[in-house]
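# Architecture at a glance
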Protein chains: 2
Amino acid sequence: MSKSEIPYKINLSESELPKAWYNVRADMKTDHRPILHPGTLKPVTLEDLSPVFCTELAKQELNATDAYVEIPFEIREFYKMYRPSPLVRAYCLEKELKTPAKIYYKFEGGNTSGSHKLNSSIAQAYYAKAQGLKGVTTETGAGQWGTALSMACGYFGLDCRVYMVKVSYQQKPYRKGVMETYGATIIPSPSDTTEVGRKILAEHPDTTGSLGCAISEAVEYAVTHEGYRYVLGSVLNQVLMHQSIIGLEAKAAMEKYGEYPDIVIGCAGGGSNLGGLMAPFMEDRLKGRHAPYFIAVEPASCPSMTRGKFMYDFCDTGKVTPLAKMYTLGATYIPSPNHAGGLRYHGMSPILSQLYHDGYLDEARAVEQTKVFEAATLFARVEGTLPAPESSHAIRVAIDEALKCRETGEQKTILFGLSGTGYFDISAYMSYKEGTMTDHIPTDEELEEGFKGIPSLPGIQ
Amino acid sequence: MSKSEIPYKINLSESELPKAWYNVRADMKTDHRPILHPGTLKPVTLEDLSPVFCTELAKQELNATDAYVEIPFEIREFYKMYRPSPLVRAYCLEKELKTPAKIYYKFEGGNTSGSHKLNSSIAQAYYAKAQGLKGVTTETGAGQWGTALSMACGYFGLDCRVYMVKVSYQQKPYRKGVMETYGATIIPSPSDTTEVGRKILAEHPDTTGSLGCAISEAVEYAVTHEGYRYVLGSVLNQVLMHQSIIGLEAKAAMEKYGEYPDIVIGCAGGGSNLGGLMAPFMEDRLKGRHAPYFIAVEPASCPSMTRGKFMYDFCDTGKVTPLAKMYTLGATYIPSPNHAGGLRYHGMSPILSQLYHDGYLDEARAVEQTKVFEAATLFARVEGTLPAPESSHAIRVAIDEALKCRETGEQKTILFGLSGTGYFDISAYMSYKEGTMTDHIPTDEELEEGFKGIPSLPGIQ
C-alpha cells in the first residue's frame, strides 16, 4: 500500500466504537494465581471485595471466564465525546529516522485528563452511580488518575474524594485546581479525616506523605462511610479490561488498511496502558492466529519486570490491600525520584505478570530517563505532540526498534501506545534541556533490601 | 434528522481537508481602509512590508482580489497531523440546558500548542523557510502564540526568537519550557539585545515589560539581522486567511449532515479565531446565499468593538507599526488584568472592524469575567473539555443564546469556536472557584483617557 493511501490519522467513526471490552484473562493458557485476602491468606471472594468495590466491579475483578463484556450504553455515550481516539501513522518520525519500518501510535492524550485513565474512571464512576452510591474515594500521586476520576464523577454527579500525597498537593496546585473545577474534594494525605492518617500524623507530624498512606486513607474512608466505595486506576483486572478499548480500536483501525503489527510496545507501571493496548493482539497470539512480539517498557529506576521477583506481595506500601502474585520489587521499595510518576510502582498487574512469566508477553526492557527524554524531545519536534514522560518510554523503544530496521532493512510494522501528553511535566523537560536530569539505577544490594519486604508465605509462594 | 444520526464528533477525513484558504476581503462590499505607513501616512506597499514580513506573506497581506489561495502541499501535510479538527455536537450541554437549540463547536485545542494559533504559525514558518530565511522573531504575552510558532519552527528547522513580556517570562516558566523544548530562544523583554530594549531598560530598569515593547524589540531584531523576518499571530489579514481553515472545515462538516448555523459565535481579541470561523459563512452572507447571524464576544474589561472608536490607530502600544482603521480603545489603553490574555488587545482586525461597521458582523457583545468562568466550569463538567478563558467567552454567549431558545421554543442551530484548552490557566479557574475573581469594567472617563492616544489625522480619519 503506498504512503498516500494510509492517512496520518486513522479515525474510526463513532458507530465503529467497540461494543464490548475484551477480558484477556478468559483466554489465558494459565490463569494468574488468585488474589489473597491479607488477613486469611485465602483467595478473595465477592463478599470480601464488595465492601471495598462496587458490586459490579468486584464481579469484573473476579471474572475469569467471560472473554467479552458488553460496554453499557451510558459509558459508550461518554466515550463518544473523546473516542474513538486516533491511530496515528508517524510518517514524520519514520522520515526523520530514515527507517523502512512503519510506525503507528495509538494516541490517548486527546482529552482534558491528558491520558488513557479516563477510559476506566468513567466506567468505574458509572457502576458506582448505577449502584446508587453517593461517591467514591481514591488516591493520586502525580494527579493523572485523580483528574480522570474527577471528570468522570463530575459528569455523573458523584461525590469524589481524592487523597493526594501531601508533597504533590503542595507542589502541584494546578492539578488540584483542575480536579476541583470538576467538583472533586482534594485532601492532602496524611490527613486527620481517617484513623490511619491521624496515627501517621501523630507519629510523623512533618511527613510529606506517600502513595501507600494515601491508599490506606482512601480505602478506610470508603469502607467506613455509607454509600462510598474505593476505586483504583491501574493494576486491577477490571482496569485492564476497561482499557482494552485502546487495543480494540487500534486493531480495527489497522485492519481497515490491511495492517497488522509485528511489534507492540507499551510503557508499564501498573500495566493499564500496555495491558489495554495489547489485549486483542494477545487474543490473536493465544489463539494462534498471529504472533506479534510484545515489549513492556519500564524505567531503569523501577525495574519490576526486568529485575523483580515473581512472588505474592502486597499491592500497596501500607500493606492493607490483598496480596497478588506478580513481578515485584517489594511493597516497601521506594524507587528513586523519576519524572514518570505513573511508572513508579513496585509491582505489576497480575495478568501481565502471568503472561510475561509464561512467555506470551515476550520481553520487558528497562530504559534510562535521559534516553527517554531524548526520544520525547525528538518526537515532539517532528510529530508535534508533546508526550508524557511515561509514554515516552514506549517512544524510546519504538525508535530503537525502528533504527534496528534501518540496519537490517526489515520493513516491520511497529505499534506503540502514546498514553498521554506532557503538559504537566514541563519541569522534567526543562531539567532534561538544562542537562541536570539524572537517573538512579538501583544496585543489586538496594534491590535485595526491597525484596526483604516481600512476605514469606511457605506453602503458598 | 434524529439525534442518533448526527455523531458527537464530525471528523472529516484527511482527503476532505480544504485545499485553499478563503480570503474574505476579496468579497467584501467595502474593502477596509488601507494600512498606512507610520512615517509617511501613505498606504503601505509591498516594498514597505518586505523588510519586515516574508515576501509571500506581505503579498497575502495586501491581497484584496483573490478569494481562494491554494494551501501549499507542505502546509497541508503538517495540517494532517492534527487536522481536520473535530466539529462537536454538544449533546450533553444541550441536555443540561434543556434547550431545543442544536449546539455545535469547532474544537481547535487538540494540538500541543493548545489553540488555533498553530494554523497560522505553520503557514508563516513555511513561507519563511521557502524564502530561504534563517529565522523569525515574534513577541508573546501569555505564550500561546509563542508556543505555536516554536512548534512550527521546530518542524521546519527555523531559528525562532520569542520576545516574551518579562512578567510572563517570570510567572510562566513552563510556557518558556515548552517553547525551549521545541528549540526556540526565549528572551525576556525588555532586553539588551535591541536598541529599543536598552533604551527602555536605561529609563526604567525595574520595568516588567509590555506587549508593545516586546513587539518593538521583535521587529527591530528582524529588520536589523540578515535572514530574519517578523511574524504575528492575529489582527493581520494573512492570519485571518490562514485561520479560514477553521470555518471551511466546520462548514463542510455541517453540510455532511444537512446542517447550517443560524448563529455563529466567536471570541474576539485581535480577531483571528472569529475571523477564521466565520469566513466561509460570511461568504454565503455576502453573496446572499444564507443569512447567519454573527456575534463577536469580547471581555467587558477590553471592549474595543462595543465601546471603542472606528478610527485609524497604531497596531501596537509602542507605535512602531503601521496604522490601521479599526475599532480601537487607543493604542496606549491598558486593560485591567483579566485571565483571557489573548483578548486584551486595544484594537481589532481591520477586516472584522469593517464588516462590523458595515453591519455584516451583526453584533458585538461584551461579557464579564465571572460569568465567563461560570460558563466555562459548566462546560467542562458536562462536555469534558476544559476550555481556555478566551474560548469561554464564546461559550458564555452560546449558552445565553441556547437559553433564549428554551424560552422561545426555537430550535436554532448555534455554532461557536472553541479556540483552545485551559491547561495553562488553572490559576484563573482556582480564583473563580475561590470566589476571588474580579473584573474591572472601565468607566467612560477611563475610556476617554485611552481615546486621547488615538492620533489626530485630519483629512485621513
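Reference entry: report on the structure contained in this document.

Rules of the game
- Residues numbered from 1 in each chain as written.
- Chains lettered and ligands numbered in written order.
- Predicted model: local features only at pLDDT ≥ 70, side-chain atom pairs only at ≥ 80, totals over all residues.
- Heavy atoms only, no water.
- Helix = DSSP H or I, 4+ residues; strand = E, 2+ residues; numbered from the N terminus.
- Rg over C-alpha atoms; globule rule 2.2 N^0.38 Å.
- Buried < 20%, exposed > 50% of the residue type's maximum accessible area, 1.4 Å probe, protein only.
- Contact = heavy atoms within 4.5 Å.
- Areas by Shrake-Rupley, 256 points an atom, 1.4 Å probe, with all protein chains shown as cover.
- Lys, Arg positive; Asp, Glu negative; His and termini not counted.
- Charge placed at Lys NZ, Arg CZ, Asp CG, Glu CD.
- Axes fitted to C-alpha atoms, helices over the stretch in contact; angles between N-to-C directions.
- Parallel < 35°, antiparallel > 145°, perpendicular 65-115°, else oblique.
- Nonpolar A, V, L, I, M, F, W, Y, C, P; charged D, E, K, R; others polar.
- Buried area = accessible area lost by both parts, 1.4 Å probe.
- Salt bridge = Lys/Arg side-chain N within 4 Å of Asp/Glu carboxyl O.
- Least-squares fit on C-alpha atoms with pLDDT ≥ 70 in both.
- Pairing = 2+ DSSP bridges.
- Right-handed = clockwise from strand over helix to strand, strands pointing away.
- Disulfide = S-S within 2.5 Å.

### Re the overall build of chain A
Of regular secondary structure, chain A possesses 18 helices and 15 strands. What you see for chain A is a C-alpha radius of gyration of 21 Å, in line with the 23 Å of a compact globule of 461 residues. Dimensions of chain A, computed from the C-alpha atoms along their principal axes, are close to 65 × 50 × 50 Å. The proportion of buried residues among the 461 residues of chain A is 66%. Contacts spanning at least 24 positions in sequence make up 76% of the contacts within chain A whose residues lie at least 6 apart. Summed over its atoms, the accessible surface of chain A is roughly 15800 Å², and 51% of this surface lies on carbon and sulfur atoms. Positive and negative charge centroids in chain A, built from 46 and 54 side chains respectively, lie 3 Å apart.

### What to know about the packing of helix H15 (residues 369-383) of chain B against helix H16 (residues 389-408) of chain B
Residues and elements named next belong to chain B. Interhelical geometry of H15 versus H16 gives an angle of 85° and a closest axis separation of 8 Å. Comparing their axes, H16 and H15 come out roughly perpendicular. Contacts between H15 and H16 involve Lys371, Val372, Phe373, Glu374, Ala375, Ala376, Leu378 and Phe379 on the former and, on the latter, Pro389, Ser392, His393, Ile395, Arg396 and Ile399. Considering only residue class, the contact of H15 with H16 consists of nine nonpolar, two polar and three charged.

### As for the interface of chain B and chain A
Interfaces are often sized by the accessible area lost when the parts come together. Contact with chain B, which involves 41 residues of that partner, is made by 41 residues of chain A. Of the roughly 3800 Å² buried where chain B meets chain A, counting both sides, 61% is carbon and sulfur surface. Three residues stand out in chain B for area buried against chain A, namely B:Tyr8, B:Thr181 and B:Tyr423, and they jointly supply 18% of the buried area on that side. Here chain B and chain A share two salt bridges between them. Between B:Lys9 and A:Glu14 there is a salt bridge, and its shortest N-O distance comes to 3.1 Å. Those elements that place two or more of their residues in the side of chain B that touches chain A are helix H6 (144-156), helix H8 (173-181), H15 and helix H17 (426-433) of chain B. For the side of chain B that touches chain A, the element with the most residues is H8(B), which contributes seven residues. Across the side of chain B that touches chain A, the residue classes tally to 20 nonpolar, eleven polar and ten charged.

### Some thoughts on the relation of the copies chain B and chain A
Overlaying chain B on chain A yields an RMSD of 0.0 Å, the required transformation being a rotation through 180° with an accompanying axial translation of 0.0 Å. Taken together, the turn and the small shift mark the pair as related by a two-fold rotation axis. Residue B:Gly110 of chain B places its C-alpha closer to the rotation axis than any other residue of that unit, at 3.1 Å. Interface overlap between copies is the fraction of interface residues in one copy that are interface residues in the other; for chain B against chain A it reaches 100%, indicating a shared surface.

### Digging into the pairing of strand S6 (residues 135-140) of chain B
For a regular strand, side chains alternate in direction, first toward one face of the sheet and then toward the other. Residue and element names in this part refer to chain B. Across the six residues that make up S6, a large majority, six, are buried. Taking every second residue as pointing to the same face, both faces of S6 are buried, with Gly135, Thr137 and Glu139 on one and Val136, Thr138 and Thr140 on the other. Of the pairings in the sheet, the one linking S6 to strand S7 (residues 159-165) comprises six bridges and is parallel in character. Bridge assignment links glutamate 139 to a residue of S7, and that residue is tyrosine 163. Remark: the S6/H6/S7 crossover connection has right-handed handedness.

### As for the state of the cysteines
Inspection of the entire model under this criterion finds zero disulfides over all chains. As a non-bridged cysteine, A:Cys92 has B:Cys153 as the owner of its nearest cysteine sulfur, 16 Å distant. This cysteine, B:Cys54, is not joined by any disulfide, and B:Cys153 carries the nearest cysteine sulfur, 10 Å off. By relative accessible area, which is 0% here, B:Cys54 ends up buried.

### Remarks on unusual backbone geometry
Cis geometry is found at the peptide bond from A:Arg83 to A:Pro84, where omega equals -15°. Position of A:Pro84 relative to the elements: it lies in the loop between helix H3 (73-79) and strand S4 (87-89). For A:Lys98, which is not a glycine, the phi torsion comes out positive at approximately 50°. Within the secondary structure layout, A:Lys98 lies in the loop between helix H4 (91-97) and strand S5 (102-107). A positive phi angle, close to 60°, is found at B:Leu41, a residue other than glycine. Among the secondary structure elements, B:Leu41 is positioned in the loop between strand S2 (20-22) and helix H1 (46-49).

### Side note on the sheet that holds strand S10 (residues 263-267) of chain B
Residues and elements named next belong to chain B. An order of S1-S4-S5-S15-S10-S11-S14 is seen for the seven strands of this open sheet, with the pairing classed as mixed. Whereas interior strands pair on both sides, the edge strands pair on one side only; in this sheet they are strand S1 (9-10) and strand S14 (363-367). Pairing of S10 with strand S11 (residues 293-299) involves five bridges; the strand directions are parallel. Each residue of the ladder has a partner; that of valine 264, found in S11, is phenylalanine 294. Contacting S1, strand S4 (87-89), strand S5 (102-107) and strand S15 (413-418), helix H11 (residues 237-256) crosses the sheet at an angle of about 140° to S5.

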